[in-house]
Amino acid sequence: MKIPDASHPITVTPTGRRVTVRVDGVTVADTTDALTLQESTYPPVYYLPLGDVDQSLLRRTEHQTHCPFKGDASYYSVVTPDRELTNVIWTYETPYPAVEPIAKRVAFYPNQVELTVE
């Protein structure tokens, strides 16, 4: 486990805006309770409460990854009437203490979905 510091900062703050995720015109998620995780120089990542995601469109997969700063991530695919986007959502169910607020929230790969922050 690595601890965020000045050389690799990580902040988690309320987004304060509405975040909507769509796939092929289908609304997958819609929330005003997103958190923004800013890690070092990477683009911000929006973590949404799982309860604000249409879970009927999700299929949990066996895929997992590990981040030394955040912990172990699990994945979901999004299944719409037109297609399946495999492993497009990730979640840290029990993240490391430095990023504990993102526990049980989900994030989407923004290059695979239509993610709007307004």
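Rules and cut-offs
Residues numbered from 1 in each chain as written. Predicted model: local features only at pLDDT ≥ 70, side-chain atom pairs only at ≥ 80, totals over all residues. Heavy atoms only, no water. Core = buried A, V, L, I, M, F, W, Y, C linked by side-chain atoms within 4.5 Å. Buried < 20%, exposed > 50% of the residue type's maximum accessible area, 1.4 Å probe, protein only. Helix = DSSP H or I, 4+ residues; strand = E, 2+ residues; numbered from the N terminus. Contact = heavy atoms within 4.5 Å. Polar contact = N/O pair within 3.5 Å; in protein donor to acceptor, adjacent residues only side chain to side chain. UniProt positions renumbered as here; feature names shortened; annotations may be inferred. Phe/Tyr/Trp six-rings, centres within 6.5 Å; stacked < 30°, edge-to-face > 60°. Pairing = 2+ DSSP bridges.

In the annotation of an unreviewed UniProt entry, the entry for the protein reads DUF427 domain-containing protein, and the organism field reads Dactylosporangium maewongense.

**Student:** How would you summarise the nonpolar core if you had to cite specific residues and measurements?
**Tutor:** The biggest cluster of nonpolar side chains holds 19 residues, and the ones touching the most others in it are Val-28, Leu-48, Val-78, Ile-89 and Phe-108. Secondary structure elements with two or more residues in this core: β2 (19–23), β3 (26–31), β5 (45–49), β7 (71–79), β8 (84–91) and β9 (105–108). Not counting residues up to four positions away in its chain, the partners in contact with Phe-108 are Val-21, Val-28, Ala-29, Leu-48, Val-53, Val-78, Val-88, Ile-89, Trp-90, Val-113 and Leu-115.

**Student:** Any details on the environment of Trp-90? Residues and values, ideally.
**Tutor:** Here Trp-90 lies in strand β8. With relative accessibility at 9%, the residue Trp-90 sits in the buried group. When the C-alpha atoms of Trp-90 and Pro-101 are compared, they prove to be 15 Å apart, with 11 residues separating the residues in sequence. Reaching out from Trp-90, the side chain makes a polar contact with the side chain of Tyr-47 at a distance of 3.0 Å.

**Student:** Summarise the UniProt feature "domain: DUF427" (unreviewed entry) in the protein; cite the residues concerned and give the values.
**Tutor:** UniProt feature "domain: DUF427" (unreviewed entry): in the numbering of this structure it lies at residues 19–110. Counting secondary structure, residues 19–110 comes out at 0% helix and 57% strand; the distance between its end C-alpha atoms is 12 Å.

**Student:** A description of the packing of aromatic side chains should follow, citing residues and the corresponding values.
**Tutor:** Under the criterion given, the structure shown has 2 aromatic pairs. The interplanar angle of 50° and the centroid separation of 4.6 Å between the aromatic rings of Trp-90 and Tyr-109 together place this pair among those described as tilted. Of this pair, Trp-90 sits in strand β8 while Tyr-109 sits in the loop between β9 and β10 (114–117), placing them 19 residues apart in sequence. Looking at Tyr-109, the relative accessible area reads 29%, which means it is partly exposed. Pairwise contacts between aromatic rings join Tyr-47, Trp-90 and Tyr-109 into one cluster.

**Student:** Provide a residue-level description of the pairing of β8, including the pertinent values.
**Tutor:** The element β8 is extensively covered by neighbouring structure, given that 6 of its 8 residues are classed as buried. Bridge count for β7 against β8 is 5 bridges, and the pairing is antiparallel. Looking at the pairing, Ser-74 lines up with Thr-91 of β8. From the end of β7 to the start of β8, which pair antiparallel, there are 4 residues. Sheet topology places β8 next to β9; 3 bridges connect them, and they run antiparallel. Within β9, the residue paired with Trp-90 across the bridge is Ala-107.

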